[in-house]
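Chain by chain, the residues run as shown.
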Amino acid sequence: MIIDYIGTGGAEGVPALFCTCSVCRKAREARGRNIRLRSSVCINKEILIDLSPDIHSAAIAGRIEPFRIRHLLLTHAHEDHCALHQLMYRAQPAFCTPEEDFTLEVYGNAECLKKYTLACRENGGSINHTHFNLIKPFDTVTVGDVTAVALPADHAPGQDAVMYLLEQDGVRFLYAEDTGSFPAPTEEYLRGKYCRAISLDCSFCMGKPDGDSGHLGYRAMLRQLDRLKAIGAADHATRVIAQHFSHNGLRASGGPLTDSDLRAMMQPDNIMPAYDGMSVEV
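Cut-offs and rules
Residues numbered from 1 in each chain as written. Predicted model: local features only at pLDDT ≥ 70, side-chain atom pairs only at ≥ 80, totals over all residues. Heavy atoms only, no water. Core = buried A, V, L, I, M, F, W, Y, C linked by side-chain atoms within 4.5 Å. Buried < 20%, exposed > 50% of the residue type's maximum accessible area, 1.4 Å probe, protein only. Helix = DSSP H or I, 4+ residues; strand = E, 2+ residues; numbered from the N terminus. Contact = heavy atoms within 4.5 Å. Pairing = 2+ DSSP bridges. Phe/Tyr/Trp six-rings, centres within 6.5 Å; stacked < 30°, edge-to-face > 60°. Lys NZ or Arg CZ within 6 Å of the ring centre and 35° of its normal.

Some details on the nonpolar core
Here's step 1: Ranked by internal contacts, the top residues of the largest apolar core, which has 40 residues, are Leu174, Leu190 and Leu228.
Here's step 2: Contributions of two or more residues to this core are made by α1 (22-30), β8 (146-152), β9 (162-168), β10 (171-176), β11 (197-201), α5 (218-230), β12 (239-243) and α6 (259-266).
Here's step 3: When residues in this core are grouped by element, the largest group, five residues, is from α5.
Here's step 4: Look past the residues within four positions of Leu174 in its chain and what remains in contact with it is Met163, Tyr164, Leu165, Phe182, Leu190, Cys195, Ala197, Ile198, Ser199 and Leu228.
Here's step 5: Listed in part, the 28 residues of the second largest apolar core include Tyr5, Val141, Ala150 and Val171.

A look at the pairing of strand β1 (residues 2-7)
On a regular strand, one side chain projects to one face of the sheet and the next to the other, so that they alternate.
Here's step 1: For β1, the buried fraction is high: five of the six residues fall into the buried class.
Here's step 2: Across three bridges, the pairing between β1 and strand β16 (residues 279-281) is antiparallel. Directly across from Ile3, in β16, lies its bridge partner Val280.
Here's step 3: Sheet topology places β1 next to strand β2 (residues 40-43); four bridges connect them, and they run antiparallel. Its bridge partner being in β2, Tyr5 is matched across the sheet by Val41.

Things to note about the packing of aromatic side chains
Here's step 1: The full count for this structure, using the stated rule, is three aromatic pairs.
Here's step 2: For the ring pair Phe138 and Tyr189, a centre distance of 5.9 Å and an interplane angle of 50 degrees mean the geometry is tilted. Of this pair, Phe138 sits in the loop between β6 (130-134) and β7 (140-143) while Tyr189 is found in helix α4 (residues 184-190), placing the two residues 51 residues apart along the sequence.
Here's step 3: Accessibility expressed as a relative area gives 26% for Tyr189, which makes it partly exposed.
Here's step 4: Ring geometry for Phe173 against Tyr175: centres 6.2 Å apart, planes inclined by 50 degrees, an arrangement best described as tilted.
Here's step 5: Classification of Phe173 by relative accessible area gives buried; the value is 0%.
Here's step 6: When the ring centre of Phe102 is taken as reference, the NZ or CZ atom of Arg70 above it lies at 3.7 Å.

Structure below.
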């Protein structure tokens, strides 16, 4: 399974659009891995988890080829993850039709469906060559050679926000960002299901290290990892990746945390901070 990190920032990205805090000033100055688009990942070049508003910028940067995407898994309906109006630019008379004709399968909750329906309405009633699939927590879907289970996340009250447990050829990858501490039913489902790699939310990072509701701070993330190890979902060999960094969380007593600072801070815990364009094979 190939995992490409398309974006690794929070809702505002890094640097944030209108912000002049020390973190954002440092990111603009240092650039490189300190620049973070809104979060999404691509699996095996054809499965996209979340459609961020930055997908076009990521494509221009060569991190993704959107015309290869066959399946779109949505975690929830917040705009930084569910910018579905962009689907209007695919396969319709007013824009460019991909050379290969196929239906893009979209999977999401009821709030995502509302956004999809609105995008269809704005496009004259439908979006050519797309199909929306309503999913609920604990639903399993087959996307290419991968099975994906939608598991409840602690995020976005009022809608069924989910994380995804992906499996291919017996190898599991847990993509769990935009969530606080895992709900009990999610931990129970993961019991005994060993994951080769896990991607965890670290939005609060050191700005709110003990934060564990809606998002995770760094210490809360470590506690969640310990619980996953206790139930057999992870061990010392599991590749653990932190992502979804908010500029508000990249502040520490010693100043703004750069990508190099994050790597040095997390290395003793055997955790890798993700960066835009990072590719992992498990």
